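Report on the structure
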Amino acid sequence: MSLVDIWRNRQRGQKPPKGIKIMTTYHSDALVFFGATGDLAYKKIFPALQGMVKRGHLNVPVIGVAKAGWNLDQLRARAHDSLEKHGGVDPGAFEKLSNLLRYVDGDYQDLATFTTLRKELRDAHHPAYYLAIPPVLFEAVVEQLAKSNCSKGARVIVEKPFGHDLASARELNKVLLGMFDEADIFRIDHYLGKQPVSNMLVFRFANSFAEAFWNRNYIDSIHITMAENFGVEDRGAFYDQTGTVRDVVQNHLFQVLSNLAMEPPAQSDSESQRDEKVKVLKAIPPVEVKNLVRGQFRGYRDEKGVAKDSQTETFVALKLEIDSWRWKGVPVYIRAGKCLPVTCTEIVGKFRKPPTLIPDSVLTANHLRFRLNPDVTIAMGMMLLASAEAMSLQAREMVASRDPHSGEMDAYERLLGAAMEGDATLFAREDYVEEAWRIVDPILKEKTPIYPYVPNTWGPEQVDLVTPPGGWDNPSVGQDELSLAKQAA
Ligand code: BG6
């Protein structure tokens, strides 16, 4: 069979022979989103769709699917309401979006729903199916798509959480790969859609000076903090089944860590980049129980949907190692939690102290700081002379970027656009998600203690058990940062 035949067959929806990978370059000619009446659609998807229309990136039918007994007018009203609350209605863009919208109402287990969907797709042959629904429904939807002749030539976009542990992630991969090629599966981690997360790679690989110090010879430890100053809001039932490790560490923070630690890819294509990320995870041994502290904020058990004797963590601090040529011996400390004093995600790479005659106690270690939110900052911490007379030193920061990122494309908009173009760079690959689960799987299975903490503090006092030498740097968010963040919103 010639390559042209394989390509043509691929376009018709047939899989290429085993071992042959075909790069897909077509643009999806319809977007179908399951869970159209749900929370994610309300908060994120409609604003992203309006943004895409506004930029001229979306001009194909958008079909919402849900089981709500609704009609198209009700979906349009919901979209309008969503936009009023999340980002604002742009009358021109909204009108165009309304004209692109279609709606299919029905049960995800019922083949009739998918037969109707096939009719609604009309002449679209390369739809993108976005599963913005709970993972327990993925299998049913994917099976019905195949049975109803909807899956040929299609892509599938899958929301997080991708599995609950290593075994369930493998199972989910098996289900998806039973119906779709890996090249057509787009596993969402919205952190990958954030510009400052991509900027970490640009800072590292577009600046030759950065390469010189970003390794075990100069860096002493890496600290990653994802703090949120709010609780579980109306998501108690979901959160109680999930906990902080599954909710943000295994996905968002490991993606951040991969960007920090990966080697420069040999080429700029999606697979070369994703290969390097997988290599980072492969070099990380499973987290040991002794390197983990779990906390739960006081009052969590009174939240709606949370068990009265819940053992779920709302805070975690852990230490891991990357046994690679570049990073061996440099501990990585990760800390994340709800009801902490501020909302801020920040990464600090601490340098080794120099061998100077100045007493160690007077020196603050240099650092490189990436702040992802609320403001976007890249800064280097250094020592300077404060007073020549007193020979005293001061620690100061050189700020490279302090960007309110106004006008910045929202993460979901970027990701949906990329998936519809078939660009997998910003999505988690099959082997990546499984490696990420492998690292945390043992600590999820062990019954480790859960320590209470007072809301608005930096976690339980036992956090000292997993604390970097010199302690955690608690990010402060002042008025300046808040006003930068406000400009960006
Ligand atoms: C989600 C988690 O994936 O990410 C939430 O489920 C968390 O619990 C959120 O609050 C944080 O995302 P962002 O973009 O606000 O930093």
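Quantities reported herein were computed from a predicted structural model and do not represent experimental measurements.

**Some remarks on the overall build of the protein**
Scanning the protein from N- to C-terminus turns up 15 helices and 15 strands. What you see for the protein is a C-alpha radius of gyration of 24 Å, in line with the 23 Å of a compact globule of 489 residues. Taken along its principal axes, the extent of the C-alpha atoms in the protein is 80 × 55 × 50 Å. Across the 489 residues in the protein, those meeting the buried criterion constitute 54%. A fraction of 75% describes how many contacts in the protein between residues 6 or more apart in sequence connect residues 24 or more apart. Accessible surface computed for the protein: about 22,000 Å², of which carbon and sulfur atoms make up 52%. Within the protein, one finds 59 positive and 63 negative side-chain charges whose respective centroids are separated by 2 Å.

**Some points on the pattern of salt bridges**
According to the stated counting rule, one finds 31 salt bridges in the structure shown. In this structure, the salt-bridge partner of arginine 76 is aspartate 73, at a minimum N-O distance of 3.6 Å. Residue arginine 76 and its partner aspartate 73 are both found in helix α3 (residues 72–85); the two are separated by three residues, about one turn of the helix. The partner of aspartate 360 in a salt bridge is lysine 353, and the shortest N-O contact between them spans 3.4 Å.

**Some details on the domain arrangement of the protein**
Examined at the domain level, the protein breaks down into domain 1 (3–190) and domain 2 (192–408 + 427–488). Put simply, the middle of domain 1 and the middle of domain 2, counted by C-alpha atoms, are 32 Å apart. Of the residues lining the interface, 19 residues belong to domain 1; the matching set on domain 2 comes to 25 residues. Between domain 1 and domain 2, the buried area comes to about 2,000 Å², and carbon and sulfur atoms account for 54% of it. Our count for the domain 1 to domain 2 interface comes out at three salt bridges. Close ionic contact of aspartate 165 with lysine 445 constitutes a salt bridge, the shortest N to O distance being 4.0 Å. Linking domain 1 with domain 2 are 11 residue pairs in polar contact (both at pLDDT 80 or more), by the criterion used here.

**Focus: the environment of threonine 113**
By secondary structure assignment, the location of threonine 113 is in helix α5 (residues 111–121). Taking the C-alpha atoms as reference, threonine 113 lies 42 Å from valine 316; in sequence the two are 203 residues apart. Those residues in contact with threonine 113, other than ones at most four positions away along the chain, are Val65, Val104, Gly106 and Asp107.

**Comments concerning the sheet that holds strand β4 (residues 127–131)**
Spatial strand order, β3-β2-β1-β4-β5-β6: six strands in an open sheet with parallel pairing. Two strands close off the open sheet at either side, each with one partner strand: β3 (101–105) and β6 (185–187). When the angles between neighbouring strand axes are averaged without regard to direction, this sheet yields 20°. With four bridges joining them, strand β1 (residues 30–34) and strand β2 (residues 62–66) adopt parallel strand pairing. Directly across from leucine 31, in β2, lies its bridge partner valine 62. Sitting on the sheet, α3 touches β2 and β3, and the angle it makes with β3 is about 120°.

**Side note on the pairing of strand β8 (residues 292–297)**
Taking burial as the measure, the six residues of β8 include six buried ones, the bulk of the element. Every second residue of β8 is oriented toward a common face, with Leu292, Arg294 and Gln296 on one face and Val293, Gly295 and Phe297 on the other, all of them buried. By the bridge criterion, four bridges tie β8 to strand β9 (residues 315–320) in an arrangement that is antiparallel. Looking across to β9, one finds that valine 293 is bridged to alanine 317. Of the strand pairs in this sheet, β8 and strand β15 (residues 450–453) are connected by four bridges, and their pairing is parallel. Considered in β15, the bridge of glutamine 296 is made with proline 452.

**Observations concerning helix α11 (residues 243–261)**
With 19 residues, α11 should reach 27 Å at 1.5 Å per residue; the first-to-last C-alpha distance of 25 Å fits that figure. Along its length, α11 reaches its greatest deviation from straightness, about 45°, at valine 249. Of all 19 residues making up α11, 19 are buried, and the element is well covered by its neighbours.

**Some words on the packing of helix α12 (residues 270–282) against helix α14 (residues 430–445)**
Where α12 contacts α14, the two axes come as close as 9 Å, and the packing angle between them is 15°. By the angle class used here, α12 and α14 are roughly parallel. Pair α12 / α14 crosses with left-handed handedness. When α12 is examined against α14, the residues Lys277, Val278, Leu281 and Lys282 are found in contact with a partner set consisting of Asp431, Tyr432, Glu435, Ala436, Arg438 and Ile439. Across the contact of α12 with α14, the residue classes tally to five nonpolar, no polar and five charged.

**Quick notes on the side chain of serine 221**
On the secondary structure map, serine 221 appears in strand β7 (residues 219–227). Engagement of the side chain of serine 221 in a polar contact is seen with the side chain of histidine 223, the distance being 2.9 Å. Beyond its immediate sequence surroundings of up to four residues, serine 221 is in contact with Val330, Pro331, Tyr333, Val348, Gly349 and Lys350.

**Brief notes about the site of the ligand**
In the region of the ligand, the neighbouring residues are Lys160, His190, Tyr191, Lys194, Met226, Glu228, Arg235, Asp247, His252 and Lys338. Residue histidine 190 places a side-chain N or O atom 2.7 Å away from an oxygen atom belonging to the ligand. The side chain of lysine 338 places a nitrogen or oxygen atom 2.8 Å from an oxygen atom of the ligand. Protein contacts shield 78% of the accessible area of the ligand, which totals 400 Å² for the unbound molecule.

Cut-off values and rules
- Counting starts from 1 at the beginning of each chain's written sequence and moves along it residue by residue.
- pLDDT decides what is reported in this predicted model: residues at 70 or higher carry local features, side-chain atom pairs at 80 or more are listed and counted, and totals for whole chains, interfaces and linings draw on all residues regardless.
- Heavy atoms throughout the structure, all of them, feed into the side-chain values; hydrogens and water do not.
- Secondary structure elements follow DSSP: runs of H or I of four or more residues count as helices, runs of E of two or more count as strands, with numbering from the N terminus.
- The atom set for the radius of gyration is the C-alpha atoms, and the globule formula is 2.2 Å times the number of residues raised to the power 0.38.
- We call a residue buried when its accessible area falls under 20% of the maximum for its residue type, exposed when it is over 50%, and partly exposed in between, using a 1.4 Å probe and counting protein chains only.
- Two residues form a contact once any of their heavy atoms are found within 4.5 Å.
- For every accessible area listed, the method is Shrake-Rupley and the probe measures 1.4 Å; residues are considered covered only by the protein chains on display.
- Just so you know, the count uses Lys and Arg for positive and Asp and Glu for negative, and it drops His and the chain ends.
- Here the site of a charge means atom NZ of a Lys, CZ of an Arg, CG of an Asp or CD of a Glu.
- Here, a salt bridge means any Lys or Arg side-chain nitrogen found within 4 Å of an Asp or Glu carboxyl oxygen.
- For every domain, the bounds stem from an assignment made automatically or drawn from a database.
- Buried area is a sum: the accessible area each of two parts loses on coming together, probed at 1.4 Å, counted once for each and added.
- Pairs of N or O atoms are called polar contacts if they sit within 3.5 Å, as long as, within protein, a hydrogen donor faces a hydrogen acceptor (for residues adjacent in sequence, only side-chain-to-side-chain pairs).
- Note on pairing: DSSP must find at least two bridges between two strands before they are called paired.
- Helix axes use the C-alpha atoms of the stretch in contact, all axes being lines fitted to C-alpha atoms, and the angles between their N-to-C directions lie in the range 0 to 180 degrees.
- A helix's residues, less one, multiplied by 1.5 Å, set its expected span.
- Given a residue, its bend is the angle between the two axes fitted to the seven residues that end at it and to the seven that start from it.
- Our angle categories are set so that under 35 degrees counts as roughly parallel, over 145 as roughly antiparallel, 65 to 115 as roughly perpendicular, and the remainder as oblique.
- Should the near helix be turned anticlockwise from the far one by less than a right angle, the crossing is left-handed, and should it be turned clockwise, the crossing is right-handed.
- For this classification, the nonpolar set comprises Ala, Val, Leu, Ile, Met, Phe, Trp, Tyr, Cys and Pro, the charged set comprises Asp, Glu, Lys and Arg, and every other residue, Gly included, is treated as polar.
- One heavy atom within 4 Å of a molecule or strand is enough for the residue carrying it to be called near that molecule or strand.

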